[in-house]
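# Architecture and fold: a report
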Amino acid sequence: MAGGYAGYYYTYHAWDVVRATEVPNGLPYYKNLVDLFAASHWYDLTPQDVLIDNAAEGRHCLAKVGTEYLVYLAGGGSVTLNAQGLPSVASVKGMWVDLVTGSQQVIALQANGPIALRSPWADPAIAHLVQ
């Protein structure tokens, strides 16, 4: 969520010890992350932690203000997003993505102004809002 892209490093797929048939336990989680980024315009987003309350380790925001927002919560909980520049939440689509299971849940947006987001899971998840 620092403006880079997902990468998975696994010791036994690199360097001088290659176990090409071995599938590491965490690899499916990264597929969920890559699928989410592929559905976004992540390359246009910049770190915007100032748009969320209590930004800290495990709570981050990438955004193209007024257009698209990705809000990461490392372990469930809630966050308030100041979605500046949105003309109306009626034109915004939102989706939570559980990064562990790949489950998705639509975010129902009700009113303009700060947007209260609550992750439906205890797993690491990302809220994706796009106009």
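Treat the numbers as computed from the prediction; the structure is a model and nothing was measured.

Scoring rules and cut-offs
Residues numbered from 1 in each chain as written. Predicted model: local features only at pLDDT ≥ 70, side-chain atom pairs only at ≥ 80, totals over all residues. Heavy atoms only, no water. Core = buried A, V, L, I, M, F, W, Y, C linked by side-chain atoms within 4.5 Å. Buried < 20%, exposed > 50% of the residue type's maximum accessible area, 1.4 Å probe, protein only. Helix = DSSP H or I, 4+ residues; strand = E, 2+ residues; numbered from the N terminus. Contact = heavy atoms within 4.5 Å. Phe/Tyr/Trp six-rings, centres within 6.5 Å; stacked < 30°, edge-to-face > 60°. Pairing = 2+ DSSP bridges.

## What about the nonpolar core?
- In this structure, Tyr69, Val71, Leu81, Trp96, Ile115, Leu117 and Leu129 are the most contacted members of the largest nonpolar core, which totals 22 residues.
- Where this core is concerned, the elements lending two or more residues are β2 (59-64), β3 (68-73), β4 (78-81), β7 (115-118) and β8 (125-130).
- With residues up to four places along the chain from it excluded, the contact list for Leu117 reads Val71, Gly77, Ser78, Val79, Leu81, Trp96, Ile107, Ala127 and Leu129.
- Ranked by size, the runner-up nonpolar core spans 10 residues in total, among them Leu33, Phe37, Val97 and Ile126.

## Points about the packing of aromatic side chains
- Applying the stated rule across the entire model yields 2 aromatic pairs.
- Geometrically, the ring pair formed by Phe37 and Trp42 is edge-to-face, given 6.5 Å between the ring centres and 70° between the ring planes.
- Each ring, one from Trp42 and one from Tyr43, has its centre 5.7 Å from the other, and the planes form 70°; the classification is edge-to-face.
- For Tyr43, a relative accessible area of 52% gives the class exposed.
- One aromatic cluster is present, built from ring pairs that chain together Phe37, Trp42 and Tyr43.

## Digging into the pairing of β4
- Side-chain alternation along β4 places Val79 and Leu81 on a buried face and Ser78 and Thr80 on a face that remains uncovered.
- As paired strands, β4 and β7 are joined by 4 bridges and run antiparallel to one another. Within β7, the position partnered with Leu81 by the bridge is Ile115.

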